[in-house]
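# Observations on chain architecture
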Amino acid sequence: MKNAVNDGVWSGSWVAERLGVELVGDDGLRALLGLALRRNPKRAHLLVSNVLGKHVPQSPAVVYGHGFRLGRRVAELLSEAEARNALVLGYAETATGLGHAVADGLGAAPYLHSTRRPVAGVARAGGFEESHSHATSHLLLPEDPGLLTGDGPLVLVDDEFSTGNTVLNTIRELHERCPRKRYVVVALVDMRSPEDADRMERFAIEIGARVDLIATASGTVRLPRGVLEKGQRLVAEHDRPPRSPEPSYGRITRVGLHWPPGLPDGGRHGFTPAHRARLEAALPGMAARVGDALPAGARRVLVLGFEELMYAPLRLARELEQVTGVEVRFSTTTRSPVLALDDPGYAIRTRLVFPAHDDPADGPGERYAYNVAGGGFDAVVAVVDSVADTPALHAPDGLLARLAAHTPRVLLAVVPSYVPHASERPAMLPEPLRGPAFSSYAPDEVGWLLQDLSDVTLEAPTEEREEAIQSGGAHYAESLPVEYQPSEQYQELFHAALDASAARIAQAVGAVTEAVIAERSPRPVLVSLARAGTPVGILMRRWARFRHGLDLPHYAVSIVRGRGIDANALRWLAAHHDPRDVVFVDGWTGKGAITRELAQAIEVFEAKEGITGFEPEIAVLADPGSCVRTYGTREDFLIPSACLNSTVSGLISRTVLRADLVGPDDFHGAKFYRELAGADVSVAFLDAVAARFPEVADAVDTAVKELMAEDRAPTWAGWRAVERISEEYGIHDVNLVKPGVGETTRVLLRRVPWKILAREGAGADLDHVRLLAEQRGVPVEEVGELPYTCVGLIHPQYTRGATGADGRAVNA
């Protein structure tokens, strides 16, 4: 018996003929399912999935692919906002791996599966009963109880729906605690009767929620009268007592996986997109170690998971399948007692019986591995968690010995059992702040991963503020400058500049967004660096919707020079999205200080947290400093949002990081200047640029083709120019040289400027700069050879307002 399914013989025919059971439904139903007899007094038959990876060894690509595709169908059913807030819940034990794969297909959803294993010190957050099962009680043990209290869709995953009772029990239990508006039920096969389907529809109406169902195939099982008694007689007739253990002839070897420290072994306590990213990064190395330990010449290998531990061995098997030329199959051990019968028309051909080896809460008992004996495997890789690596596993009648009787080599790979340590960090970071409660932007335009400090007095006059920085070594992010209130003349310049540059900005927005979608992620998660990046991120989001119909998630986070990016914001992002989809967004580059700051901060974060996948490169509208490779243009031109402060950035202040206001588990802070609503042009700026999208669409296509064809590797030419200017003007400190229109504007609005260097013939792009310089009595010097449109020089002697790369005052 090499394969449980033989060509031309349906693996349910033996049961169908003898019990009179009929399987009717979709054309592909018989390819998905076979039939066997349960050794269970509650039900006669068992639907045996050929693609689940439980009872029938199957290609891991087939097993994972079925779950992943179901997840993609869920993503297509839900809106972007719903998908971002969804939770996937799988059922122990058979659907734990399937639910994981569905969560992967959905993309950004965290995953939790029920369990029959109590864990000391972990509080029960819920549970439900599975009436027809041999082991009924399901426990819910999330490390973060907030997973079960969200208001997004709950996606429930099981391998099959026979009556729908388990799903209804689950929804009823959880809905009473925390009602949701939407539930999605997912299975490989839907075998409910019309009466059961009607019952679920009535239930949805009763609780006032929408309940959708997605399945790979559907049908029904027609059972004759007296089927249970007839099935029990057949089991009694054909069941044989376990034979004495066969003598082992295979060699048993332990192989070290080097499992990433702190990475959960599965979804028993929750599995986030950040966990998934860590696993993805570690899989090639783990598979290589297993591959190296396989016997020479091995052609057919089984990776055998352990009861609820399905996902980790499945992913390991899939990786092994991809990187070796070996024929790999995957299945798992199980608690389910099923009759084994060596007949081509029967789904369970062989059975290995061994004692439980994980000290189960319900006491000792038999466990099973089906269709392994006689499978022609040159090696079996048994993957268990450390709780199950006990003397019983290694006993003469244990699983390893049983396997060694049927294969030349048994490899044991142990995954550390994850035990939550919820006390180390608050259970849940707060949800993003959104308008109109925080900012003047619409709530769907951006979520601010910040805390609201609007009621705290943080502003001080520039000179007073810089005196404090100099005398006490205070960091610039510990206070705020008084918001500059533009004169009527300056506001007129802003609107004129916006009218003149809106199409140019729209084209740059389109180009950088297309580059991101083409090269970084087809469904990116935009994360703007607050606050200058926020309007740009919103415009990119609007372009993605305009051109591709995409509704991209968008957040704003704080990054502070010398202190790095907000690590708690990164943790939140990693818990809700795949870090590999995150694209950091800013308005423009100067000399590249923030680019360097972000790269260093991500490196530190990954080393400390063990969370990987974040790409530190920034996507910007304009990259005059040649610091990044994802940009709309490298020309230094006026982006009008640089002309103003909060009134073009949703009325949000610069971000604040001060120890007495921001604790180790808090987001960085910012203020919402509601009182400036009368001068707010934030949405007007966005609308003016977005209105030009249709007219620049063709130009964007041309620009993107040109961008993709050219060498976009950063040259850091801007940094070299800044170094030259610093020396030529006797400043001798690159931190006092602020290149580009945007940075020059900031010097004039927030710092103590010395002089402005303007490229000859710069024209209207610098009208607002000239006006601000005139108001502050700062000379504007025209320069012939200047790589930027302008450069702002902070006063090298009078250092109030002059801060270095660490954000502290520079003493002249």
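Note that the coordinates shown come from a computational prediction; the quantities given were computed from them, not determined experimentally.

Conventions we followed
- Think of each chain on its own: its residues are numbered from 1, step by step along the sequence as written.
- Totals for whole chains, interfaces and linings use every residue, but because this is a predicted model, local features are given only for residues with pLDDT of at least 70 and side-chain atom pairs only at 80 or more, for both listing and counting.
- Here the side-chain values reflect all heavy atoms present in the structure, with hydrogen atoms and water set aside.
- Any two rings among Phe, Tyr and Trp, with Trp reduced to its six-membered ring, count as a pair given centres within 6.5 Å; such a pair is stacked if its planes are under 30 degrees apart, edge-to-face if over 60, and tilted if neither.
- Starting at the N terminus, helices and strands are each numbered in turn, a helix being any DSSP run of H or I of at least four residues and a strand any DSSP run of E of at least two.
- A 1.4 Å probe rolled over the protein chains alone gives each residue an accessible area, and that area as a share of the maximum for its type sets the label: buried under 20%, exposed over 50%, partly exposed in between.
- Sitting over a ring, as applied to charges here, requires NZ of Lys or CZ of Arg to be within 6 Å of the ring centre and within 35 degrees of the ring normal.
- Definition used for salt bridges: Asp or Glu carboxyl oxygen within 4 Å of a side-chain nitrogen of Lys or Arg.
- Throughout, a contact is declared for two residues whenever any of their heavy atoms are within 4.5 Å.
- Side-chain atoms within 4.5 Å are what join buried Ala, Val, Leu, Ile, Met, Phe, Trp, Tyr and Cys residues into a set we call a nonpolar core.
- Two strands qualify as a pair provided DSSP detects at least 2 bridges between them.
- Interaxial angles span 0 to 180 degrees and are taken between N-to-C directions of axes, which are lines fitted to C-alpha atoms, for helices over the stretch in contact.
- Throughout this description, any angle smaller than 35 degrees is read as roughly parallel, any larger than 145 degrees as roughly antiparallel, any in the 65 to 115 degree range as roughly perpendicular, and the remainder as oblique.
- In this scheme the crossing of two helices becomes right-handed for a clockwise turn of the near helix relative to the far one and left-handed for an anticlockwise turn of less than a right angle.
- The nonpolar class holds Ala, Val, Leu, Ile, Met, Phe, Trp, Tyr, Cys and Pro. Asp, Glu, Lys and Arg form the charged class, and all remaining residues, Gly among them, are polar.
- Cavity means a closed set of points on a 1 Å grid over the protein atoms alone, one where a 1.4 Å probe fits but cannot get out, pocket means an open set with protein on both sides within 12 Å along at least 5 of 7 lines, and lining means a residue has an atom within 4 Å of a point.
- Grid points are joined across faces, edges and corners, and a volume is the space filled by probe spheres set on the points.
- An arc is given here, and it is the one of the directions from the helix axis to the C-beta atoms.

### A short note on the packing of aromatic side chains
A full pass over the atoms with the stated rule returns 13 aromatic pairs. The interplanar angle of 80° and the centroid separation of 4.9 Å between the aromatic rings of Trp 543 and Phe 693 together place this pair among those described as edge-to-face. Residue Trp 543 is found in helix α15 (residues 533-548), and its partner Phe 693 is found in helix α19 (residues 693-709); the two are separated by 150 residues along the sequence. Take Trp 543 and Phe 693: they sit in the same class, and that class is buried. Feature note: the residues Phe 438, Tyr 441, Trp 448 and Phe 672 constitute an aromatic cluster, connected by ring pairs. A cation over a ring is seen here: Arg 315 above Tyr 64, with NZ or CZ 4.8 Å from the ring centre. Sitting over the face of the ring of Trp 754, Lys 755 holds its NZ or CZ atom 4.6 Å from the ring centroid.

### Re the pattern of salt bridges
Counted by the stated rule, this structure contains 39 salt bridges. For Glu 80, the salt bridge is made with Arg 523, and the minimal N-O distance between the two is 1.7 Å. One end of the pair, Glu 80, is in helix α4 (residues 80-84); the other, Arg 523, is in the loop between α14 (488-519) and β22 (525-530), with 443 residues separating them in the sequence. The partner of Asp 196 in a salt bridge is Arg 199, with the nearest N and O atoms 2.9 Å apart.

### What to know about the environment of Phe 271
Along the chain, the position of Phe 271 falls in the loop between β11 (251-254) and α9 (273-293). With 413 residues separating them in the primary sequence, Phe 271 and Ala 684 have C-alpha atoms 41 Å apart. Sequence-distant contacts of Phe 271, that is, excluding residues within four places in its chain, are made with His 100, Pro 110, Tyr 111, Leu 263, Pro 264, Gly 266, Arg 276, Leu 279 and Tyr 311.

### Quick notes on the nonpolar core
Ranked by size, the top nonpolar core spans 133 residues in total, and within it Leu 37, Val 88, Leu 106, Val 155, Val 186, Tyr 346 and Leu 403 carry the most contacts. Within the second largest apolar cluster, 99 residues are counted, among which are Met 540, Leu 598, Val 620 and Leu 676.

### Here we look at the sheet that holds strand β29 (residues 737-739)
Hydrogen bonding along the main chain pairs the strands of a sheet, whether they run parallel or antiparallel. Taking strand neighbours across the sheet as the criterion, the 4 strands line up as β29-β32-β30-β31 in an open arrangement whose pairing is mixed. The open sheet terminates on both sides in strands that have one partner only, identified here as β29 and β31 (780-783). The sheet shows a mean angle of 20° between the axes of neighbouring strands, taken without regard to direction. For strand β30 (residues 753-759) and strand β32 (residues 790-794), the ladder comprises 5 bridges, and the chain directions are antiparallel. Note that in β32 the partner of Ala 758 across the bridge is Cys 790.

### Some remarks on the packing of α15 against α19
The geometry of α15 relative to α19 is characterised by a closest axis approach of 12 Å and an angle of 85° between their N-to-C directions. The angle between α15 and α19 places the two elements in the roughly perpendicular class. Residues Leu 539, Arg 542, Trp 543, Phe 546 and Arg 547 of α15 touch α19, and the partners they reach there are Phe 693, Pro 694, Val 696, Ala 697, Val 700 and Asp 701.

### As for the packing of α9 against helix α10 (residues 311-323)
It is the contact of α9 with α10, at a shortest axis distance of 9 Å, that shows an interaxial angle of 60°. Of the possible angle classes, the one that applies to α9 and α10 is oblique. Where α9 crosses over α10, the handedness of that crossing is right-handed. For the pair formed by α9 and α10, the contact residues are Arg 276, Leu 279, Glu 280, Leu 283, Pro 284, Met 286, Ala 287, Val 290 and Gly 291 on the first element and Tyr 311, Arg 315, Leu 316, Glu 319, Leu 320 and Val 323 on the second. Of the residues in the contact of α9 with α10, the class split is 10 nonpolar, 1 polar and 4 charged.

### Structural notes on helix α22 (residues 767-776)
For α22, the complete set of buried residues consists of His 768, Val 769, Leu 771, Leu 772 and Ala 773. Of the residues one or two after α22, Gly 777 is the one with positive phi, at around 65°.

### Some thoughts on empty space enclosed by the protein
Counted under the stated rule, the structure contains 8 cavities of 30 Å³ or more. The computed volume of the second largest cavity comes to approximately 100 Å³. Ala 532, Ser 641, Ala 642, Leu 644 and Arg 746 are, among the 12 residues lining the second largest cavity, the residues nearest its centre.

### A closer look at helix α18 (residues 682-690)
When we look at burial in α18, the residues that qualify are Ser 682, Phe 685, Leu 686, Val 689 and Ala 690. Along the axis of α18, the buried positions cluster into a sector of 120°, meaning they face one direction only. Of the surrounding secondary structure, the elements contacted by the buried residues of α18 are α14, α15 and α19.

### Quick word on the sheet that holds strand β12 (residues 300-306)
Strand order in this open sheet of 5 strands is β11-β17-β16-β12-β13, and the pairing throughout is parallel. Every interior strand has two partners, whereas the edge strands, β11 and β13 (327-333), have only one. Adjacent strand axes in the sheet meet at a mean angle of 20° when their direction is disregarded. Across 7 bridges, β12 lies against β13 in parallel orientation. When the sheet's bridge partners are listed, Phe 306 is paired in β13 with Thr 333.

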